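Letter by letter, the chains look like this.
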Amino acid sequence: MFNKRVKIKELLATEPSGQEVIVMGWVRSFRNNQFISVNDGSTNNNIQIVAELGLLDEETIKRITTSASVKITGTLIPSQGKGQKVEVKASVVEILGDSDPEKYPLQLKNRPSLEFLREIAHLRFRTNTFGAVFRIRHSLAYAIHKFYHEKGFVYMHTPIITASDAEGAGEMFRVTTLSPDNPPKNDDGSVNYKEDFFGRSTNLTVSGQLEGELAAMAFSEIYTFGPTFRAENSNTARHLAEFWMIEPEMAFYDLEDNMNLAEEFIKYLIRFAMDNNREDLEFLAQRLAEEEKQLPQDKRSEMGLIEKLEFVLNNNFERITYTEAIDILLNSPAYKKKKFQYEVKWGVDMQSEHERYLVEKHFKKPVIVTNYPKDIKSFYMRENEDGKTVAAMDILAPGIGEIVGGSQREERLDKLLKRMEEMHIPAEEMWWFLDTRRFGTVPHSGFGLGFERMVLFVTGMTNIRDVIAFPRTPKSAEF
Ligand code: 4AD
Ligand code: MG
């Protein structure tokens, strides 16, 4: 029976008294034909197995190689060596699965690069870095449910396949069962989607928000947490074609309530990781510090990872309007010295270089930017009195840029219809969405937090491909 095994994390915290234990895991290293370091993914710390000379025959010794899987029966004793409290004195060493050292691609001796590890993403979980990242990712996912559950929000599963483009940006992956080579055609030569599986053209969702709004109109407060898909051709360290998003939607919330919730939520997640993943965070902090030693002085972060997280927890996010943000940029030394590549003027969509200037150089902390020009935002955002801006809010984080996008929603039917017409969004197809504005409409708000960007922020990793198990990006869908 396998279930008698004790996880290594638990073993390392157990008082040793010579009790019999069973350990299973993968070999990380084997020294002097005697000391086997074993890891089972419960922690980055390995347990040391000591096989007294003579216990292992020649054949077994040959088979104890990096990443072979083993079952060890032995007794838990105080460690003779430095660095750990306990070790296991083996009585039986069984090889569960061999790993040919000539063929195993992950040799840990010379630290493999993150780029190389991406090519062997199926094995990279077995490194300390990815062990730490994915335990933290798990922890944050759990904390998301805990946070909203404790506030009485209802978790909604919004559809993955939809016929609408929630963001109106047209960056959708089509879902179809029609033959790509010979699809049925209409008389005018266009594809006849009436013959498609759903009898219409469908796509993978870019956001669960619109369906979330429907549910918020009954439960008051809901959230979604699921995969979303965007066919935007952005090959950057911040964009994925498949990413996870958390989208709370709340009736009876205005823009300020919305910002307050978003700030509280982000801080809760950071606190949760600090309280529950300390060891992994410390490992990643050290990793980051070492990585930064390679960089020139002015490219290094001013704070270590833990320090940065503490700082975010202990300070209010800066709150400014879009108009103020543009003024700051126009008056910045960077602008005057023509350091920005993209244009700065009222009305432009801020580029990542502008967002990063605001958070990293100017305020040096997370910033919430509100009241954007309506022409650069989605149709559903509530129009402000000035007729030019909408009640939008984006949260920008140091090292990340935009981490949250949200708004108060346009709850006034006439204004919403007018805006949809201006933006060429077909109202007939959105009858169900508009019904919420017909039957008991209320002021309401919501936002979307990009989960991978949040994981990036907490782990201090710098490429989004390294915080999702199997990244989907332009020209890449391996595994
Ligand atoms: O700003 P976005 O596009 O907002 C929405 O989708 C709204 N429907 C949210 C809402 O109000 N309910 O996306 C929200 C967040 C961004 O701030 C960013 O963190 C993340 O989702 N995001 C991405 N993350 C990784 N890869 C991409 N391609 C992303 N696009 C957006
Ligand atoms: Mg956005």
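Attention in this report is confined to the structure presented alongside it. Computed from a predicted model, the values in this text were never measured in an experiment.

Cut-off values and rules
- Residues numbered from 1 in each chain as written.
- Chains lettered and ligands numbered in written order.
- Predicted model: local features only at pLDDT ≥ 70, side-chain atom pairs only at ≥ 80, totals over all residues.
- Heavy atoms only, no water.
- Near = heavy atom within 4 Å.
- Polar contact = N/O pair within 3.5 Å; in protein donor to acceptor, adjacent residues only side chain to side chain.
- Areas by Shrake-Rupley, 256 points an atom, 1.4 Å probe, with all protein chains shown as cover.
- Helix = DSSP H or I, 4+ residues; strand = E, 2+ residues; numbered from the N terminus.
- Buried < 20%, exposed > 50% of the residue type's maximum accessible area, 1.4 Å probe, protein only.
- Arc of directions from axis to C-beta.
- Contact = heavy atoms within 4.5 Å.

Glancing now at the site of ligand 1. In the vicinity of ligand 1 lie 24 residues, with E167, Q209, R230, E247 and E402 positioned nearest. A distance of 2.6 Å separates a nitrogen atom of ligand 1 from a polar side-chain atom of E167. In this structure, an oxygen atom belonging to ligand 1 sits 2.7 Å away from a side-chain N or O atom of R230. About the coverage of ligand 1: the protein hides 93% of its 630 Å² of free accessible area. The dominant element in the shell around ligand 1, judged by the number of residues it contributes, is strand 15 (residues 401-408), at five residues.

With that settled, consider helix 13 (residues 431-438). Regarding helix 13, the residues found buried are F433, L434, T436 and R437. Along the axis of helix 13, the buried positions cluster into a sector of 140 degrees, meaning they face one direction only. Where helix 13 is buried, its residues meet helix 5 (209-219), helix 12 (413-422) and strand 16 (444-450). Of the residues flanking the end of helix 13, it is G440, one or two places downstream, whose phi is positive at about 80 degrees.

With that settled, consider the side chain of T43. Looking at where T43 falls in the secondary structure, it is placed in the loop between strand 2 (35-39) and strand 3 (47-50). Within the structure, T43 has its side chain in polar contact with the side chain of E279 (distance 3.2 Å). Excluding residues within four positions of it along the chain, T43 makes contact with I8, K9, L12, R135 and E279.

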